[in-house]
Amino acid sequence: MLFTPSNDIPQLSGKVILVTGGNSGLGKAAVVEFCRHQPAQVWLAARNLDKAQAAADEIKQQLPHAPIKVLHVDLSSFDSVKNAAKAFMSSSDRLDILMLNAGVMATPPGQSEDGYELQFGTNHMSHALLTKLLLPVFKQTGENMVSPFIDLSGDSIPLEQVLGSGSSAVVVLRDGLAVKTPLRYCWSSDVEVEMNIEVIQREQDVYRRFQSSNAQCGGIVNCLGFSKEATQLAYMANGDLRTYLETNQPPQQLQLSWFREMARTLEYIHDQRVLVADIASRNFLLDSDMTIKFCDFSEASLLPLDVDMDTIDDNGYTTRIDLGFLGAVIYEVVTGKKCEIDLFKNNLPTDGRATWPRREFLPSTENVWLGSIIEDCWVDGGFRNARSLLQALDSIALHSPAPESLNEKPTLTKGFCFIQKLVDERPIVTLAVILGSLGTLALYINRKQL
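Because the structure is a prediction, the values reported are computed rather than measured.

Trainee: An account of the nonpolar core is requested, with residue identities and associated values reported.
Mentor: Membership of the largest hydrophobic core comes to 72 residues, with the highest contact counts inside it found for Leu241, Trp258, Phe259 and Trp378. If one sorts the elements of this core by residue count, helix 9 (residues 319-335) sits on top with 10 residues. Each of domain 2 (159-234) and domain 3 (240-395) contributes no fewer than three residues to this core. Ignoring anything within four residues of it in the chain, the contact list for Trp378 reads Arg320, Gly324, Gly327, Ala328, Tyr331, Cys339, Trp356, Arg359, Leu362, Pro363 and Thr365.

Structure follows, in structure tokens:
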């Protein structure tokens with residue numbers, strides 16, 4: 001994608017920027033483009049102060065209000081770097097962007113004032129020192145930042161209003177509603193914001209599909225309204241499931257009710273010819289009564305109403321992948337451990353097709369409550385669809401063992417494995433049991449002979 005400074009550099013209002021080697025070449029061009037976006041200050045740092053001032057004067061002929069300040073720094077000298085850092089910090093209490101652009105190339109053999117090879121000392125060591133010296137003001141700038149989020153009008157969004165954010169949207173609390181708007185940071189480009197608006201609008205089409213259905217489902221966050229650039233959703237008082245699990249261990253009865261509602265809702269979603277694609281604990285919300293609801297369809301596939309969901313394949317995304325992700329959520333809730341799944345782990349760089357990982361790349365479910373159900377979400381030959389998952393969950397009675405996996409059948413091998421394990425772990429007990437059995441057998445044979 002072609003980089004266009006006028007579009008791709010965001011507004012820099014209030015920002016302080018320092019560019020080394022800003023008197024010529026790429027550094028000078030960067031100073032010009034930064035100045036076009038209304039920063040508070042742009043520091044033009046160079047070894048030759050006269051050339052730095054000449055470059056600043058030339059830029060101001062193009063941009064009369066360019067807020068340029070010149071700074072002397074000779075990168076072949078640590079003392080000069082220290083003096084430059086001290087001069088900067090005595091004049092500015094913030095630094096938002098540090099562009100380490102200056103450098104030398106193909107110089108005659110020689111050393112810096114501090115004994116380093118000249119090119120290495122200038123291009124690398126001095127820049128590293130400058131960064132280290134400026135870190136305190138960098139950190140202070142970050143700590144003083146009220147909020148990184150801004151709305152489409154350019155106004156800051158107070159952090160106390162932010163309910164959550166993702167790769168394309170930020171959700172804010174307004175008038176008792178959760179309002180989902182395109183993600184925009186103070187450094188976001190216009191192109192990035194437009195892409196995020198498109199994601200919001202695609203997700204709205206998914207909600208419209210649900211609303212147009214004759215069947216209704218209580219397992220999806222209620223969508224209350226749309227605008228071109230925002231979606232109004234019901235506010236869920238207990239936040240997202242992942243955050244809740246960080247400080248709470250829900251009882252099995254509550255867990256099971258969640259899993260059944262997840263499976264029931266996923267069956268409904270698939271019936272509406274939608275693939276969710278991004279089922280994760282962070283994308284479930286808990287209402288005030290602890291009911292659980294799907295809340296994110298930003299990566300969903302909205303399919304034609306006549307497709308066969310058992311065979312649909314949207315660039316690798318299938319109902320099986322949705323079930324696999326749901327199995328990972330069940331595993332996380334039951335064990336308290338996150339289960340990260342990479343659908344592109346073994347792909348070539350040019351292959352964007354989703355592929356469910358092989359079983360060895362997923363965690364063990366041995367001795368895990370509902371482990372057999374999780375297994376059947378993950379493996380071939382397991383659950384065919386969300387309905388079969390729901391049927392398995394409905395068959396669970398608390399305080400009773402989970403049903404056998406669809407892929408597990410009793411075998412002699414399992415019996416031998418049990419005996420082997422007993423021998424390994426308790427050899428004396430095993431020997432006593434065997435001798436006792438042989439003694440009982442001998443007495444039985446003697447009696448038969450008598």
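Trainee: Could you give me a rundown of the sheet that holds strand 2 (residues 41-46), with the residues and numbers involved?
Mentor: Ordered in space as 3-2-1-4, the 4 strands form an open sheet in which the pairing is parallel. Each of the sheet's edge strands pairs with one partner strand only, and the pair in question is strand 3 (68-72) and strand 4 (97-99). Strand after strand, the sheet turns through a mean of 20° between neighbouring axes, direction not considered. Taken strand by strand, helix 5 (residues 118-144) contacts strand 1 (16-20) and strand 4, and its axis lies near 175° from that of strand 4.

Trainee: Please provide a residue-by-residue account of helix 10 (residues 371-378), values included.
Mentor: Most of helix 10 sits out of view: 8 of its 8 residues are buried. For helix 10, the full list of buried residues reads Gly371, Ser372, Ile373, Ile374, Glu375, Asp376, Cys377 and Trp378. Turning to helix 10, the residues buried within the fold contact helix 9 and helix 11 (386-394).

Trainee: Can you lay out the packing of aromatic side chains for me, pointing to particular residues and giving the numbers?
Mentor: Scanning all chains against the criterion turns up 12 aromatic pairs. Ring geometry for Tyr116 and Phe120: centres 6.4 Å apart, planes at 55°, overall tilted. According to the relative accessible area criterion, Tyr116 is partly exposed, its value standing at 30%. On the basis of relative accessibility, which here comes to 40%, the residue Phe120 falls in the partly exposed class. Pairing Phe149 with Tyr185 gives two aromatic rings, centres 5.5 Å apart and planes at 25°, and the pair type is stacked. With Phe149 in the loop between helix 5 and strand 5 (162-165) and Tyr185 in the loop between strand 7 (177-182) and helix 6 (190-212), this pair connects stretches of sequence that are 36 residues apart. Taking the relative accessible area as the measure of exposure, Phe149 reaches 8% and is therefore buried. Taking relative accessible area as the criterion, Tyr185 reaches 22% and is therefore assigned partly exposed. Within the aromatic cluster, the residues linked to one another by ring pairs are Tyr207, Phe210, Tyr268 and Phe297. Positioned over the ring face of Phe226 is Arg208, at 4.4 Å from the centre of the ring.

Trainee: Describe the environment of Lys15, listing the residues and the values that go with them.
Mentor: Along the chain, the position of Lys15 falls in the loop between helix 1 (5-8) and strand 1. For the pair formed by Lys15 and Phe34, sequence separation is 19 residues and the distance between their alpha carbons is 9.8 Å. Not counting residues within four places of it along the chain, the set of residues in contact with Lys15 comprises Pro39, Ala40, Gln41, Arg94, Asp96 and Cys186.

What counts, and at which threshold
- Residues numbered from 1 in each chain as written.
- Predicted model: local features only at pLDDT ≥ 70, side-chain atom pairs only at ≥ 80, totals over all residues.
- Heavy atoms only, no water.
- Core = buried A, V, L, I, M, F, W, Y, C linked by side-chain atoms within 4.5 Å.
- Buried < 20%, exposed > 50% of the residue type's maximum accessible area, 1.4 Å probe, protein only.
- Helix = DSSP H or I, 4+ residues; strand = E, 2+ residues; numbered from the N terminus.
- Domains from an automatic or database assignment.
- Contact = heavy atoms within 4.5 Å.
- Pairing = 2+ DSSP bridges.
- Axes fitted to C-alpha atoms, helices over the stretch in contact; angles between N-to-C directions.
- Phe/Tyr/Trp six-rings, centres within 6.5 Å; stacked < 30°, edge-to-face > 60°.
- Lys NZ or Arg CZ within 6 Å of the ring centre and 35° of its normal.

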